[in-house]
Amino acid sequence: MLLTTNSQSETERFGKKLSAKLRGGDILLLSGDLGAGKTSLVKGLAKSLGIKHEITSPTFTLMNTYKVQGSKSKVKNLVHIDTYRLKDEKELLEIGVEDYLGKPDTICVIEWPEKISGLLKNKKTTSISFEHGNKPEERKILIS
Ligand SMILES: Nc1ncnc2c1ncn2[C@@H]1O[C@H](COP(=O)(O)OP(=O)(O)OP(=O)(O)O)[C@@H](O)[C@H]1O
Ligand SMILES: [Mg+2]
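It should be emphasised that the depicted structure is a prediction, and the values quoted were computed from it without experimental measurement. (Residues numbered from 1 in each chain as written. Chains lettered and ligands numbered in written order. Predicted model: local features only at pLDDT ≥ 70, side-chain atom pairs only at ≥ 80, totals over all residues. Heavy atoms only, no water.)

How should unusual backbone geometry be read in this particular structure?
Leaving glycine aside, a negative phi is the common case for residues, and trans is the common case for peptide bonds. Located in the positive-phi region is Trp-112, a residue other than glycine, with phi close to 60°. Turning to its location among the elements, Trp-112 is positioned in the loop between β5 (106-111) and α4 (117-120). Trp-112 sits in the buried class, given a relative accessible area of 17%. Notably, Asn-122 is not glycine yet its phi reads approximately 70°, a positive angle. As for its placement among the helices and strands, Asn-122 is situated in the loop between α4 and β6 (126-132). Accessibility expressed as a relative area gives 79% for Asn-122, which makes it exposed. (Helix = DSSP H or I, 4+ residues; strand = E, 2+ residues; numbered from the N terminus. Buried < 20%, exposed > 50% of the residue type's maximum accessible area, 1.4 Å probe, protein only.)

Shown next, in the form of structure tokens:
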């Protein structure tokens, strides 16, 4: 599926809509250049899961985990990973990524997933890629 957004808030809104389709255990791989809109999508996703905490990019922390409170679904955690500054997959293993990846009570969203292909092999994932469009605020988002 391919769609176009024309502002950050539109990308967030798409994240909100997408959350209705997600189940625990889902792993979303978000690829695209710096500033492509990956974190913006996660912000929308988090809002619609009822997470009040502000979503900030885990560029330095590598992995941020958010509790999903009072959810009627089985989803208890949203985990947001950004491997942009990661040097070795081991760094993520050391902070417990395997406690979350593909776990039935957790939705994982990963920016720059190509850097951890080893950790992701044998895992069922959904890829979402972002590209800048012709206009400054246009983004093409492809889900496959
Ligand atoms: N259609 C759009 N969707 C999302 N963001 C947009 C859009 N148009 C402009 N922007 C701007 O682009 C930037 C997107 O930032 P965001 O943090 O979501 O990107 P990112 O892909 O996560 O980047 P990074 O790889 O640095 O983490 C924001 O400054 C936002 O205001
Ligand atoms: Mg980001």
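I would appreciate a short explanation of the site of ligand 1 in the present structure.
Thr-11, Lys-38, Thr-39, Ser-40 and Glu-137 are the nearest of the 18 residues found near ligand 1. Between ligand 1 and Thr-5 there is a distance of 3.1 Å, counted from a nitrogen atom to a side-chain nitrogen or oxygen. Side-chain polar atom of Ser-40 to an oxygen atom of ligand 1: 2.6 Å apart, as the coordinates give it. In this structure, ligand 1 is accommodated by the largest pocket. (Near = heavy atom within 4 Å. Polar contact = N/O pair within 3.5 Å; in protein donor to acceptor, adjacent residues only side chain to side chain. 1 Å grid on protein atoms, 1.4 Å probe; cavity = no way out; pocket = protein on both sides within 12 Å on 5 of 7 lines; lining within 4 Å. Sits in = over half its atoms within 2 Å of the grid points.)

It is not clear to me how the coordination of the magnesium ion (ligand 2) should be interpreted in this structure. Could you clarify?
Geometrically, a metal with four donors at the corners of a regular tetrahedron has ideal angles of 109.5 degrees, and one with six donors at the corners of a regular octahedron has ideal angles of 90 or 180 degrees. Only Thr-39 (OG1) and Glu-111 (OE) from the protein reach the magnesium ion (ligand 2) as donors, at distances of 2.0 to 2.2 Å. With Thr-39 in helix α2 (residues 38-48) and Glu-111 in strand β5, the pair connects residues that are 72 residues apart, well separated along the chain. On the basis of relative accessibility, which here comes to 17%, the residue Thr-39 falls in the buried class. (Donors = N, O, S within 2.8 Å, 3.2 Å for Na, K, Ca; no water.)

Help me understand the packing of aromatic side chains, please; the structure alone is not making it clear to me.
Describing an aromatic ring pair means giving the distance of the ring centres and the angle of the ring planes. One pass over the structure, following the stated rule, counts one aromatic pair. When the ring of Tyr-84 is compared with that of Trp-112, the centres are 5.1 Å apart and the planes differ by 45°; the resulting orientation is tilted. Linking Tyr-84 in the loop between β4 (77-82) and α3 (89-94) with Trp-112 in the loop between β5 and α4, this pair joins segments that are 28 residues apart in sequence. The class for Tyr-84 is partly exposed, based on a relative accessible area of 35%. (Phe/Tyr/Trp six-rings, centres within 6.5 Å; stacked < 30°, edge-to-face > 60°.)

Got a minute to help me understand the layout of surface pockets in this structure?
Over the atoms, a rolling probe the size of a water molecule traces out where space has been left empty. Estimates place the volume of the largest pocket at around 290 Å³. The wall of the largest pocket is formed by 21 residues, among which Gly-35, Ala-36, Gly-37, Lys-38 and Ser-40 lie closest to the centre. Of all elements in the fold, only α1 (8-19) and α2 reach the threshold of two or more residues within the lining of the largest pocket. The leading source of residues in the lining of the largest pocket is α2, at three residues. Looking at the lining of the largest pocket residue by residue, the class counts come to five nonpolar, 10 polar and six charged. Of the voids in this model, the second largest pocket is the one considered here, and its volume is about 220 Å³. As for the second largest pocket, its lining consists of Met-1, Phe-14, Lys-17, Leu-18, Lys-21, Leu-22, Asp-26, Leu-28, Lys-124, Thr-126, Ile-128 and Ile-143. For the lining of the second largest pocket, the elements supplying multiple residues, two or more each, are α1 and β6. In terms of residue class, the lining of the second largest pocket is made up of seven nonpolar, one polar and four charged. (Points joined across faces, edges and corners; volume = space filled by probe spheres on them. Nonpolar A, V, L, I, M, F, W, Y, C, P; charged D, E, K, R; others polar.)

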